[in-house]
Amino acid sequence: MPLNLATLDSDTPRTTDGRAYPDHLRAYESLDADLLPLAALLGEFTYDDIALRVHSGKVRSVLPRWLASAEWRGLIERRDPEMASVRVNAITPRGVARLERI
Amino acid sequence: MPEAEPRGAFVDEDGAPRLLRCVVLFLDILGVSDLALDRARRDRNLVELDRALRRSSRDFLSEDSPWPSALLSDSLVVADATGPDFDDVAALNEMLFQTGILQLQLASHGFFARGAISIGPHHVHDGMVFGPALVEAYRLENRKAVNPRVVLSREACEILRSDMEGVSAPGETTQADLLRVDQDGVVFIDYLKVLLDEVDPIDDLRRHRSLVEAKLAETRNESRKWGKYRWVAEYHNDFCERLDRDDLRIDNPDVSPGFQGFSLP
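Reading the values: rules and limits
In this convention, every chain numbers its residues from 1, walking through the sequence in written order. Ligands are numbered from 1 and chains lettered from A, in the order in which they are written. Restriction of local features to residues with pLDDT of at least 70 applies here, the model being predicted, together with a cutoff of 80 or more for giving and counting side-chain atom pairs; totals for whole chains, interfaces and linings are based on all residues. Side-chain measures here rest on the full set of heavy atoms in the structure, leaving out hydrogens and waters. Numbering goes from the N terminus for both helices and strands, where a helix is a DSSP run of H or I of at least four residues and a strand is a run of E of at least two. Remark: exposure states derive from per-residue accessible area (1.4 Å probe, protein chains only) relative to the maximum for the residue type, with buried under 20%, exposed over 50%, and partly exposed in between. Each reported salt bridge corresponds to a side-chain nitrogen of Lys or Arg within 4 Å of a carboxyl oxygen of Asp or Glu. When checking whether two residues touch, look at their non-hydrogen atoms; a contact exists if any pair is within 4.5 Å. The buried area of a pairing is the accessible area, by a 1.4 Å probe, that goes missing from both parts when the two are put together, added over both. Polar contact is defined as a pair of N or O atoms within 3.5 Å, subject to the rule that within protein one atom must be able to donate a hydrogen and the other to accept it, and that residues adjacent in sequence are counted only when both atoms are side-chain atoms. Here the term charged refers only to Asp, Glu, Lys and Arg, the term nonpolar to Ala, Val, Leu, Ile, Met, Phe, Trp, Tyr, Cys and Pro, and the term polar to all other amino acids, Gly among them. Expected span of a helix: the number of residues minus one, times 1.5 Å. Taking the helix axis as origin, the arc is that swept by the directions to the C-beta atoms. At least two DSSP bridges between two strands are required for those strands to pair.

I would appreciate a short explanation of unusual backbone geometry in the present structure.
The bulk of non-glycine residues show a negative phi, and the bulk of peptide bonds are trans. All names here are of chain B. Of note in the backbone geometry, Asp126 takes a positive phi value of approximately 50° without being a glycine. Relative to the helices and strands, Asp126 resides in the loop between strand E4 (113–125) and strand E5 (128–130). Its relative accessible area of 74% is what places Asp126 among the exposed residues. In the Ramachandran plot, Val146 falls in the positive-phi region, its phi being about 60° despite a non-glycine side chain. Note that Val146 resides in the loop between helix H4 (132–145) and strand E6 (150–152).

Given below as structure tokens:
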């Protein structure tokens, strides 16, 4: 289900069918400062691409949660080249704007 | 930018192999032998297995992966080395996530897996896999997992429980979130929990239900196999109950979950 773009500036982004940003992901927003610069540097990236460049064990161990949180907030988006391919992410203009405010 | 060299770390300066303290996953993908022996569908089965392991959330066999792995017939071995910046708890929690993602990735293609996670000395490099942690994970998978679940060694559980003792909200730790305790007291990975991070988990949960129902129907005359998928159905229903989504349950009178959360004793 796609994100409802009108809700991205709110505290609780929602999908177009009304599902809300899960509360348990909020704790990972503090990692934006560590991980958004890496996402910007990499352009398009797979999970392994970014994991290889995270040197803090604590940050790397929760990387899946940060990726989910960032996707929910519209900071990164899926750019899979085809249906049957490994997941590819990329930073969005919203993500770049967030990075500039950090 | 410097990059971690997970594979290179398993050899010393002279190129000699060495053991590193690792979290090790040994995972047996169920039914792979049957798929390989199925003359009519083996080519297609190979494509499906490749897709399940490499073309979804992550490529679990990538040469450049931070988690060195090896596929041995129907079993996958994945390692996560600990180090100065990566303690036992971080490595274990990371492996819980990686295993959950892998189990979901496999299940979404109709593959269910049974496995175990241990921690200890391990070596994986250039096609060679060796070490006591691998042996322990293999033995646990073989003797304790029984059902399509990934269980943890006693040491791994002790490390994670000890970490929970030092935090103000133990129920909010990664391990409390991603682990579940079965009716026989065995701790296993609550892989469907990973779905809750997704923007759209409900379709995936519906698909999981359909796949488990199909497996139950397919194995109804093979009681040993059927029992394994009954366990998956019980786990699925337990998850739906926690999610308050009774509409997504598997409707079968023989399926009755009784699991508990992972907590301090």
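Would you explain the pattern of salt bridges in this entry?
Pairing between side chains of opposite charge can happen when the charged atoms of each approach one another. Taken as a whole and judged by the stated rule, the model has 32 salt bridges over all chains. With its nearest N and O atoms 2.9 Å apart, the salt bridge here joins A:Asp23 to A:Arg26. One network of salt bridges, in which partners are shared, links A:Arg65, B:Asp177, B:Lys193 and B:Asp197.

Sorry if this is basic, but what is going on with the interface of chain B and chain A here?
Reports often express the size of an interface as the amount of accessible area lost when the parts come together. Between chain B and chain A, the contact holds 37 residues from the first and 30 residues from the second. Together chain B and chain A conceal approximately 2800 Å² of surface at their shared face, both sides included; 53% is due to carbon and sulfur atoms. Counting every contact that joins chain B to chain A gives 6 salt bridges. B:Asp80 is the salt-bridge partner of A:Arg60, the closest N and O atoms lying 3.1 Å from each other. Taken together, the links from chain B to chain A amount to 11 residue pairs in polar contact (both at pLDDT 80 or more). Looking at the side of chain B that touches chain A, the elements with two or more residues in it are helix H2 (42–54), helix H3 (88–107) and helix H6 (174–178) of chain B. The element contributing the most residues to the side of chain B that touches chain A is H3(B), with 6 residues. Residues belonging to the side of chain B that touches chain A are distributed by class as follows: 14 nonpolar, 7 polar and 16 charged.

Which parts of the structure should I look at to understand H4(B)?
Within an α-helix, residues lying three or four positions from one another point in the same direction, as the helix has 3.6 residues per turn. Residue and element names in this part refer to chain B. With 14 residues, H4 should cover 20 Å at 1.5 Å per step; its first-to-last C-alpha distance of 18 Å lies within 8% of that length. Buried within H4 are the following residues: Ala133, Leu134, Ala137, Leu140, Glu141 and Ala145. The arc enclosing the buried residues of H4, seen along the axis, measures out at 125°, which places them on a common side. Contacts from the buried residues of H4 go to strand E1 (20–29), strand E3 (75–81), E4, E5 and E6. One or two steps after H4, the chain reaches Val146, where phi turns positive at roughly 60°.

Can you walk me through the pairing of E4(B) in this structure?
Taken residue by residue, a regular strand's side chains alternate between the two faces of the sheet. All names here are of chain B. In terms of burial, E4 is a largely internal element, 11 of the 13 residues being buried. In this structure, E1 lies alongside E4, joined through 10 bridges in antiparallel fashion. Paired with Val23 across the strands is Ile119, a residue of E4. Sheet topology places E4 next to E6; 3 bridges connect them, and they run parallel. Counted as the bridge partner of Ile117 is Leu152 from E6. The pairing of E4 with E5 spans 3 bridges and is classified as antiparallel.

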